Amino acid sequence: MNIDAIQNGIVIDHITAGLGMKLYDLLGLEKLDCSVAIIKNVHSVKLGRKDIIKIDADIPVNLDVIGYVDPGVSVNIIRGGELVEKRSIDMPETLTNVIFCKNPRCITSCEQELRHVFKLTDRKNKVYRCLYCETKAN
Amino acid sequence: MRHLIDILDFSPEELQELMDTANDIIADPAKYSEVCRGKKLATLFFEPSTRTRLSFEAAMIELGGSVLGFSEAQSSSAAKGESVADTAKVISCYADIIAMRHPKEGAPLVAAANASVPVINAGDGGHNHPTQTLADLLTIYREKGRLDHMTIGLCGDLKFGRTVHSLITAMSRYEGLQFVLISPEELKLPSYVKKEVLRAKGIPYAQTTDLEGAMPELDILYMTRVQRERFFNEEDYLRLKDSYILTPDKLKNAKSDLSILHPLPRVNEISVAIDDDPRACYFKQVLYGKYMRMALILKLLKEAGSL
């Protein structure tokens, strides 16, 4: 399978196999009008199998979303066909308007303009809790 | 700006400071009777709670201050659709400190983020009720002379009982404690409290459905009411509401210095025949709650530069 190299854009690499589509959705990549490639189940020496997303445009991506979905992913910034920056992504301490509280008793359920903020409360087990009601994110 | 939204907002040293102030107020109330003259407490109660509201109001009045507010959402601007954030901004223009009760979890945190005066969480749904925990802590401290090295039995609704969760969280910072969790299967302590508080801190605990069997080892027995308002299903409430009823007979094997606490109101889970037993502390607990609220108002007003 041949996917062209990109000149100016972003390669999200080392995505755990199977999480590529979830990242695509949460990053809102379907809204872009540039070329976006999702490559699934690529052979990886490090992971066995991995997914890769290539975005053929130098756009800002929400690194918190990436860190929440799949910490350990690397984000490569490409300019002029060259790798200019490689970032390792860790779990963010807080997530804002990325995931939404489903607790019907939470204040966010009735005040539509409140930001949905989740805090990382257990790094080892990757547990995020709603800032307001402390309900665990699913 | 300091607020009290969660009991963990205060360190054990700050809780001790509050208890010391409360004890000083109890010893010499006249010394504090004018300290808040000219200051106003707004009690914003978006759901009814006569007991907590009156406790806050009595606390402020005994400090020489004044109170204003409302006792149900229908008589507030929330009925017109005003947000909690806007309410907090508006009330900050009228009062020096706010006590808020709200049926939605996290509402006082939203208020605190938007108010320019201290906000006290007076209960947010089934989530937190830190000033009840302040009352519980002072009661235990005055009854036992310490907050460490004891066995605490928690009985009743441990699932929805926010006072239980807050008390466990607050007490988990003291040494030598063990908990006995007494509840029906359906109302057991949520697993996240066991995992993230008890197991994470290596605090020993046992779970049982047998109140009488657990009784001999208890230094504190914290009874709770099965709360109708926390159930979506009336049938479940009716089935579980009479799970535990403490009667004199059940205290036969209890320690002579057991302290029986209850956040009140009670329905029938403690027989009135217990009320005259010297081990019954739940009405003293109400009084101590007022003193701790006085100490809290003083601390927050001082830290805000209002006193």
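Bear in mind that the values here come from a model prediction, so they are computed numbers and not experimental data.

A tally of helices and strands in chain A yields two helices and eight strands. Listed by position from the N terminus, the elements making up chain A come as β-α-β-β-α-β-β-β-β-β. In terms of its C-alpha atoms, chain A occupies a principal-axis envelope of roughly 50 × 30 × 25 Å. Relative to its 138 residues, chain A shows a buried fraction of 45%. When contacts within chain A are restricted to residue pairs at least 6 apart in sequence, long-range pairs at least 24 apart make up 57% of them. Total accessible area on chain A stands at roughly 7,800 Å², and carbon and sulfur atoms take up 47% of it.

We now examine the interface of chain B and chain A. The interface is formed by 20 residues belonging to chain B together with 16 residues belonging to chain A. Carbon and sulfur atoms supply 50% of the area that chain B and chain A bury against each other, a total of about 1,300 Å² over both sides. Of all residues in chain B, Lys104(B), Glu105(B) and Val110(B) give up the largest surface area on contact with chain A, accounting jointly for 38% of the area buried on that side. The tally of links between chain B and chain A comes to one salt bridge. The salt bridge involving Arg129(A) is made with Glu196(B); its shortest N-O contact spans 2.6 Å. Summed over the shared surface of chain B and chain A, the number is nine residue pairs in polar contact (both at pLDDT 80 or more).

In sheet architecture, strand pairing relies on hydrogen bonds along the backbone and comes in two forms, parallel and antiparallel. Residue and element names in this part refer to chain B. One open sheet accounts for four strands, arranged β2-β1-β3-β4; its pairing is parallel. Two strands in the sheet have a free side with no partner beyond their single neighbour: β2 (66-70) and β4 (119-124). Across the sheet, the mean angle separating the axes of adjacent strands is 15° when strand polarity is ignored. The strands touched by helix α3 (residues 84-92) are β1 (40-45) and β3 (97-102); relative to β3, the strand with the most contacts, the crossing angle is about 155°. Against the sheet, helix α4 (residues 107-114) touches β3 and β4, its axis set at about 165° to β4.

Right, let's talk about the sheet that holds strand β7 (residues 205-208) of chain B for a bit. Residue and element names in this part refer to chain B. The strand order across the open sheet formed by five strands is β7-β6-β5-β8-β9, and the pairing between neighbours is parallel. Two strands bound the open sheet, and with one partner strand each, they are β7 and β9 (259-261). Strand-to-strand twist across the sheet, computed as the mean angle between neighbouring axes with direction ignored, equals 15°. With three bridges joining them, strand β8 (residues 220-223) and β9 adopt parallel strand pairing. Within β9, the residue paired with leucine 221 across the bridge is isoleucine 260.

Counted according to the given criterion, the structure contains three aromatic pairs over all chains. Taking the centre distance of 5.1 Å and the plane angle of 85° together, the rings of Phe46(B) and Phe70(B) count as edge-to-face. One end of the pair, Phe46(B), is in the loop between β1 and α2 (50-62); the other, Phe70(B), is in strand β2, with 24 residues separating them in the sequence. Judged by relative accessible area, which is 14%, Phe70(B) ranks as buried. Here the guanidinium or amino end of Lys126(A) rests over the ring plane of Tyr68(A), the centre of that ring lying 5.7 Å away. Directly above the ring of Phe10(B) sits Lys299(B), whose terminal nitrogen or CZ lies 5.5 Å from the centroid.

On to the domain arrangement of chain B, then. Residues and elements named next belong to chain B. The domain architecture assigned to chain B consists of domain 1 (7-129 + 286-303) and domain 2 (131-285). Just the C-alpha atoms count here: the centres of domain 1 and domain 2 sit 25 Å apart. At the junction of the two partners, domain 1 supplies 31 residues and domain 2 supplies 28 residues. Counting each side, the surface lost to burial between domain 1 and domain 2 is near 2,600 Å², with a carbon and sulfur contribution of 60%. Among the residues of domain 1 in contact with domain 2, Ile7, His129 and Tyr288 are the three that bury the most area, contributing 29% of the side total. Taken together, the connections running from domain 1 to domain 2 amount to 18 residue pairs in polar contact (both at pLDDT 80 or more). Here the side of domain 1 that touches domain 2 gets eight residues from one element, more than from any other, and that element is helix α1 (residues 12-27). Counted by class, the side of domain 1 that touches domain 2 contains 16 nonpolar, 11 polar and four charged residues.

In this section: the domain arrangement of chain A. Residue and element names in this part refer to chain A. Here the domain parsing of chain A yields domain 1 (9-88) and domain 2 (94-130). Averaged C-alpha coordinates put domain 1 and domain 2 at centres separated by 24 Å. In this assembly, eight residues from domain 1 lie in contact with six residues from domain 2. Both faces considered, domain 1 and domain 2 share a buried interface measuring about 530 Å² in area, 70% of it formed by carbon and sulfur atoms. Of all residues in domain 1, Leu26, Asp64 and Tyr68 bury the most surface against domain 2, accounting for 75% of the area lost on that side. On the surface where domain 1 and domain 2 come into contact, there are zero salt bridges. For the side of domain 1 that touches domain 2, the residue count by class is five nonpolar, one polar and two charged.

Turning our attention to helix α6 (residues 162-171) of chain B. Residues lying three or four places apart along an α-helix face the same way, a consequence of the helix completing one turn every 3.6 residues. Of all 10 residues making up α6(B), 10 are buried, and the element is well covered by its neighbours. Within α6(B), burial applies to Arg162(B), Thr163(B), Val164(B), His165(B), Ser166(B), Leu167(B), Ile168(B), Thr169(B), Ala170(B) and Met171(B).

Cut-off values and rules
- Residues numbered from 1 in each chain as written.
- Chains lettered and ligands numbered in written order.
- Predicted model: local features only at pLDDT ≥ 70, side-chain atom pairs only at ≥ 80, totals over all residues.
- Heavy atoms only, no water.
- Helix = DSSP H or I, 4+ residues; strand = E, 2+ residues; numbered from the N terminus.
- Buried < 20%, exposed > 50% of the residue type's maximum accessible area, 1.4 Å probe, protein only.
- Contact = heavy atoms within 4.5 Å.
- Areas by Shrake-Rupley, 256 points an atom, 1.4 Å probe, with all protein chains shown as cover.
- Buried area = accessible area lost by both parts, 1.4 Å probe.
- Salt bridge = Lys/Arg side-chain N within 4 Å of Asp/Glu carboxyl O.
- Polar contact = N/O pair within 3.5 Å; in protein donor to acceptor, adjacent residues only side chain to side chain.
- Pairing = 2+ DSSP bridges.
- Axes fitted to C-alpha atoms, helices over the stretch in contact; angles between N-to-C directions.
- Phe/Tyr/Trp six-rings, centres within 6.5 Å; stacked < 30°, edge-to-face > 60°.
- Lys NZ or Arg CZ within 6 Å of the ring centre and 35° of its normal.
- Domains from an automatic or database assignment.
- Nonpolar A, V, L, I, M, F, W, Y, C, P; charged D, E, K, R; others polar.

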